[in-house]
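# Structure at a glance
Listed here are the chains, written in short residue letters.
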Amino acid sequence: MTNNIALSWLEKKPEINTGITWGIPWEKGMLNKKDSLTLVDTNELEIPLQSWPTAFWPDGSVKWTAHAVSLKDEVCVDRYQVKKGKPVEKMNPLTIHDQADFIHINTGDLTYKVNKTGDMVIGEVYYGESLVCEGGYLKGIRESKNRTDGIVTSKQEVFYSEIKNVVVEQKGPIRAVVKISGRHKINSDKREWLPFTLRLYFYAGQYTVKAVHTFLYDGNPHKDFIKGIGIDFKVPMNGPLYNRYIKFAGDSGFFSESPKGMLTWRTKGRYEELYKMQMDGKPFEFDAEDKHFVALLDDSATWDNFKLVQISADSYTISKQTKEECAWIRAVSGKRSGGLAYVGSESGGIAVAIRNFWQKHPSSLEIKQLSEQTSTLTAWFWSPDAPTMDLRHYDTETHVKSSYEGAEEFRSTPYGIGNTSELTIGFFHSTPDQEELQTFVQEKESPPLLVCDPTYYHDTKALGVWSLKDESTPIKAKLESALDEVLQFYLDEVEQRGWYGFWDYGDVMHSYDHVRHVWKYDLGGCAWQNTELAPNYWLWYMFLRSGREDIFRFAEAMTRHTSEVDVYHFGEYAGLGSRHNVLHWGCGCKEARIGAAGLHKIYYYLTADERIGDIMDEVVNADYTTEQIPPMRAYFPRDHFPTHVRSGPDWAAFCSNWLTKWERYEDTNFRDKMLTGINSLKNMPYRLLTGPVFGYEPRTGELMFFGNENSGHHLIMSMGGAQVWMEMAEVLEDSEWNDMLVEFGEFYNLSKEEKSQRTSGEIRGDKPWGTPMLSSTLVAFAAAQRKDAELAKQAWSYLLEDSTHWQIKTPLNIDKTEDYVRPLSEVKSISTNTASQWSLNVIVCLELIDQYLEISMPKDRESI
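About the criteria used
Residues numbered from 1 in each chain as written. Predicted model: local features only at pLDDT ≥ 70, side-chain atom pairs only at ≥ 80, totals over all residues. Heavy atoms only, no water. Helix = DSSP H or I, 4+ residues; strand = E, 2+ residues; numbered from the N terminus. Rg over C-alpha atoms; globule rule 2.2 N^0.38 Å. Buried < 20%, exposed > 50% of the residue type's maximum accessible area, 1.4 Å probe, protein only. Contact = heavy atoms within 4.5 Å. Disulfide = S-S within 2.5 Å. Salt bridge = Lys/Arg side-chain N within 4 Å of Asp/Glu carboxyl O. Core = buried A, V, L, I, M, F, W, Y, C linked by side-chain atoms within 4.5 Å. Pairing = 2+ DSSP bridges. Polar contact = N/O pair within 3.5 Å; in protein donor to acceptor, adjacent residues only side chain to side chain. Axes fitted to C-alpha atoms, helices over the stretch in contact; angles between N-to-C directions. Expected span 1.5 Å × (residues − 1). Phe/Tyr/Trp six-rings, centres within 6.5 Å; stacked < 30°, edge-to-face > 60°. Left-handed = near helix turned anticlockwise from the far one by under 90°. Arc of directions from axis to C-beta.

For the protein, the helix and strand inventory stands at 21 helices and 38 strands. Against the compact-globule benchmark of 29 Å for 864 residues, the protein has a radius of gyration of 29 Å, which places it among compact chains. Across its three principal axes, the protein shows a C-alpha extent of roughly 105 × 75 × 60 Å. Taking all 864 residues of the protein together, the buried fraction comes to 63%. Nonlocal contacts in the protein, meaning residues at least 24 apart in sequence, comprise 68% of its contacts between residues at least 6 apart.

Written out as structure tokens, the structure reads:
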């Protein structure tokens, strides 16, 4: 493998100066901890580079690195290379001073103050000598409801952030990261609630700051309704009102106005030219001869407040207001706003842009007090102009028998879930033109990212077992076409079905109802997918093998959603997630596999996203939570064991968490805990075939014998277990563990009689070992290890020949219907479980047993 790592842009190179962070994997033994790295462009020009390790191989060599650069126009090219060598230090580095009460950051032209106490998270920001921001506050609105004698009363209160802890996570020289943690404070009852983290990202020489905002819900969903949550920026206003400006990004262009517009019934000639200058954000002065026109301006209305409200994925409205006691006047409506607001005056201003603005509706941008010395720009992640956030369950009881819900226990609660939003803040010494702001919108929506070639990712073996795209034979070409077609269906379905919204964006639905022509959005366990059958792995492997930007964004949105909304970050269910349901937190089944670190770590390693790093750290002790919430409690009563878990998906999810912790921090405690479980299985009567339910001790990681055959087996590998276990085989280099996986794959689909004969009647196949398609990966693993053509043909047959609902047949049978609220296309037999697992198993089989594909394919088969 070459020591020079080629890099290209995920989509296209950035059109504005920007800071970039990305990750690179390394083959085992290729990069040592002491090695330095440098970045060069196609002209061998060295670019200043900041690098740090994010994961390690067991031998101590570096497995993943993260890198940061600050790119200017003159160094932004299409391709780069990272190679060993001392990094160049040509640019002026940012400086950061961590003081008692605040942190001071200097990126070049801009200086920032980040407070360590109080309610103002961001202090003053200066562009040179000019003050462009007086501070920033996290804020929200709570609506509390009470019912007395059948009468519901409500009260709204504004609450603000209260800083508890500030940490400098990176100090430069190119990239600095400051993490601010705290809670929101309600002054009326001195209550602190909604824990938050706000990370601020600074790059040397850049005029923008990226912010990643997370809040966690710890209220009572029947009493505490969030009416709005967002962040305020205080912006100094200088000069006359007619030289103050606001801009909102619309569908494609911009809405531009001033609190004192130049339009009067006498605006013509020279004043019309000044009016045009005003709309372009160019300040001007009046002469003595303009006295009459200035009097007209003084008489005209002063529009003090403006807001853009994205109430749904397809509708926004821009309105303005003269005074608080007066009506809001609608200015314009549109469909999908670019999610940017700018406010400024003669001395400059700031632009704030929320990522996924319309996708995560209801959101809004608001600018107030334009006539005052300080204006307030608020980015609302949940708009107060929308209905209150309602996190109550959809019913007062469960529906296990009729609706495939997971448990009779009513455990629907949002207590402990989270939501993360991203925004970009730009600081300007003069009003930017529309072209610059439009580029700003594009860059915040699809942040530039440097990526490696799929072949390089594959050859490092740093991300488990998956195949490169291969169309070298007609059959392989058909399989690749089928994989693309299934994925494209889901990419299109997000838009067709409107899978958007603050709590929903990033997830997909589980099962389809062809009678109503809808996904089963209201049927218990058939609604949202919530990582069921590992769609995250499917999407990330599809990206890795293709390098496609649209797949990356789809997988990114799913990662952000499933890691936050579907998982509990604190409380009774900390480290566990909720099984698929009408509401993401609705199902009574709370399990570790929903939030397994392996579902998210590909995104973390590709982007070095610190919030995802936090979440992977949170789940590392998820096994302790199973003492209070045993995953098998509905089937096995409490006994002398601390709890009961299955080898998969429970213990497999624990291993995913521990493996990630070990490789990120070289923390051998979690390696040893994983090895304890493996050794426990080695000592079982039939090793990995045993169980799959065991007694479990979370303090040691020990699995304890609980019977040779005591539950179904198909969930063992289908929730990401196969991916985790094969990665463990690669990393641990344990020949017996490897053999145990081979044994499992070979044994899984034997007849009941063969199972019984091999185990002296101890495993009779009375409990289901069903759904052969789900076993294809481990069957293929066994076939590849043993070079067994018959096993390989067996694996391919489960994917290509069996005629159950677990196989994908392409071309997809897409029907057009108008028997719905609008015309649409549908695949009546579609299931996300099938789409995800079939695609994932095909990807792995193409890697492990592709040489057996031709002989396994039925001769008369014309399609996949």
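So, next bit.
This paragraph deals with the state of the cysteines. For the coordinates displayed, the defined rule picks out zero disulfides. Counting only cysteine sulfurs, Cys-76 is the nearest neighbor of Cys-452, a cysteine outside any disulfide, at a range of 17 Å. A relative accessible area of 5% means that Cys-452 is categorised as buried.

Further remarks concern the pattern of salt bridges. The full count for this structure, using the stated rule, is 70 salt bridges. Between Asp-614 and Lys-179 there is a salt bridge; the shortest N-O distance is 3.4 Å. Here Asp-614 is found in helix H10 (residues 610-618), whereas its partner Lys-179 is found in strand S15 (residues 175-186), with 435 residues between them in sequence. The exposure classification of Asp-614 matches that of Lys-179, with both residues buried. Of the charged contacts in the structure, one is a salt bridge between Arg-646 and Glu-591, with a shortest N-O distance of 3.3 Å. Of this pair, Arg-646 sits in strand S34 (residues 643-646) while Glu-591 sits in strand S33 (residues 590-591), and the two are 55 residues apart along the sequence. A relative accessible area of 8% places Arg-646 in the buried class.

A word on the nonpolar core. Among the nonpolar cores identified, the biggest contains 251 residues, and Trp-22, Phe-427, Tyr-490, Trp-651, Met-728, Trp-737 and Trp-838 are the most heavily contacted of them. Discounting residues that sit within four places of it in the chain, Trp-22 has contacts with Leu-7, Leu-39, Leu-49, Thr-65, Ala-66, His-67, Ala-68, Val-69, Val-82, Leu-449, Leu-450 and Leu-606.

Below, the discussion takes up the pairing of strand S16 (residues 191-203). Counting buried positions over the 13 residues of S16 gives 11, a clear majority of the element. With 11 bridges joining them, S15 and S16 adopt antiparallel strand pairing. Note on S16: the bridge partner recorded for Gly-182 is Phe-196. The turn joining S15 and S16, which pair antiparallel and follow one another in sequence, is formed by four residues; a positive phi near 55 degrees is taken by Lys-190. With six bridges joining them, S16 and strand S17 (residues 208-216) adopt antiparallel strand pairing. Bridging from a neighbouring strand, Leu-198 pairs with His-213 of S17. Hairpin remark: S16 followed by S17, antiparallel, with four residues in the connecting loop; positive phi at Gly-205, about 80 degrees.

Through backbone hydrogen bonds, the strands of a sheet pair up, either in parallel or in antiparallel fashion. With antiparallel pairing, the five strands of this open sheet are ordered in space as S4-S3-S7-S1-S29. The open sheet has two edge strands, strand S4 (46-47) and strand S29 (450-451), and neither has a second partner. Pairing analysis gives five bridges linking strand S3 (residues 37-41) to strand S7 (residues 79-84), with the strands arranged antiparallel. In the sheet register, Val-40 faces S7, and the bridge partner there is Gln-81.

The next subject is the environment of His-510. As for its position among the elements, His-510 is in the loop between helix H6 (474-497) and strand S30 (512-513). In the structure, His-510 is positioned 168 residues away from Tyr-342 in sequence and 40 Å away in space, judged by C-alpha atoms. Those residues in contact with His-510, other than ones at most four positions away along the chain, are Tyr-404, Trp-519, Gly-525, Cys-526, Ala-527, Trp-528, Gln-529, Glu-532, His-580, Ser-831, Thr-832 and Asn-833. Engagement of the side chain of His-510 in a polar contact is seen with the side chain of Ser-511, the distance being 2.5 Å. Reaching out from His-510, the side chain makes a polar contact with the side chain of Asn-833 at a distance of 3.3 Å.

Attention now moves to the pairing of strand S35 (residues 693-697). When you tally the buried positions in S35, you get five out of five residues, the bulk of the element. Bridging between S34 and S35 involves four bridges; their strand directions are antiparallel. From the neighbouring strand, Arg-646 faces S35, where its bridge partner is Val-693. Here S35 pairs with strand S36 (residues 702-704) via three bridges, running antiparallel. Its bridge partner being in S36, Gly-695 is matched across the sheet by Met-704.

The three strands are arranged S2-S6-S5 in an open sheet whose pairing can be described as antiparallel. Strand pairing shows two members of the sheet lacking a second neighbour, strand S2 (18-25) and strand S5 (50-56), which therefore form its edges. Sheet twist, expressed as the average angle between the axes of neighbouring strands with direction ignored, equals 20 degrees. Where S2 and strand S6 (residues 62-71) come together, eight bridges link them in antiparallel fashion. Paired with Ile-24 across the strands is Thr-65, a residue of S6. Those strands touched by helix H12 (residues 647-665) are S5 and S6, and its axis lies near 140 degrees from that of S5.

Now for helix H13 (residues 668-682). The terminal C-alpha atoms of H13, which comprises 15 residues, lie 20 Å apart, in line with the 21 Å expected from a rise of 1.5 Å per residue. For H13, every residue scored as buried is listed here: Phe-670, Lys-673, Met-674, Gly-677, Ile-678, Ser-680, Leu-681 and Lys-682. Elements that come into contact with the buried residues of H13 comprise helix H11 (622-625), H12, S35, S36, helix H15 (721-732) and helix H16 (735-747). Among the residues of H13, the N-terminal cap falls to Asp-667, whose side-chain oxygen and the backbone nitrogen of Asn-669 are separated by 3.0 Å.

Moving on to the packing of aromatic side chains. Scanning the entire structure with this criterion turns up 49 aromatic pairs. Both rings, one in Phe-489 and one in Tyr-490, keep their centres 5.4 Å apart while their planes meet at 85 degrees; by these two values the pair is edge-to-face. On the basis of an interplanar angle of 70 degrees and a centroid distance of 5.2 Å, the ring pair of Phe-543 and Phe-552 is categorised as edge-to-face. We note that Phe-543, like Phe-552, is buried. Taken together through their ring pairs, the aromatic side chains of Phe-489, Tyr-490, Trp-499, Tyr-512, Trp-519 and Trp-538 make up a single cluster.

Time to look at the packing of H16 against helix H18 (residues 776-786). Where H16 contacts H18, the axes come no closer than 7 Å and their chain directions differ by 120 degrees. In the crossing of H16 with H18, the sense of the turn from one axis to the other is left-handed. Two secondary-structure elements touch here, H16 through Asn-738, Leu-741, Val-742, Phe-744, Gly-745 and Glu-746 and H18 through Leu-778, Val-779, Phe-781, Ala-782, Gln-785 and Arg-786.

For helix H1 (residues 270-279), every residue scored as buried is listed here: Tyr-271, Leu-274 and Gln-278. What you see down the axis of H1 is that its buried residues fit within an arc of 55 degrees, all on one side. Structurally, H1 contributes buried residues whose contacts are with strand S19 (245-249) and helix H2 (291-299). Immediately downstream of H1, the backbone of Gly-281 shows phi near 80 degrees, a positive value.

Let us now look at the side chain of Thr-38. Locating Thr-38 in the fold gives a position in strand S3. In terms of polar contacts, Thr-38 uses its side chain to reach the side chain of Glu-46, at 3.1 Å. For Thr-38, the contacting residues outside a window of four places in its chain are Glu-46, Leu-49, Gln-81, Val-82, Lys-83, Lys-84, Gly-85, Lys-86, Pro-87 and Val-88.

Here the bond from His-361 into Pro-362 is cis, since omega is 0 degrees, no more than 30 degrees from zero. The residue after Gly-691, namely Pro-692, is reached through a cis peptide bond having omega 15 degrees. With respect to the secondary-structure elements, Pro-692 resides in the loop between H13 and S35. Phi is positive for Ala-534, which is not a glycine, with a value near 60 degrees. One can find Ala-534 in the loop between strand S31 (518-519) and helix H7 (535-546). Since its relative accessible area comes to 0%, Ala-534 is described here as buried. One non-glycine residue, Ser-760, lies in positive phi territory at about 55 degrees. For Ser-760, the location among the structural elements is in the loop between helix H17 (752-758) and H18. According to the relative accessible area criterion, Ser-760 is exposed, its value standing at 67%.

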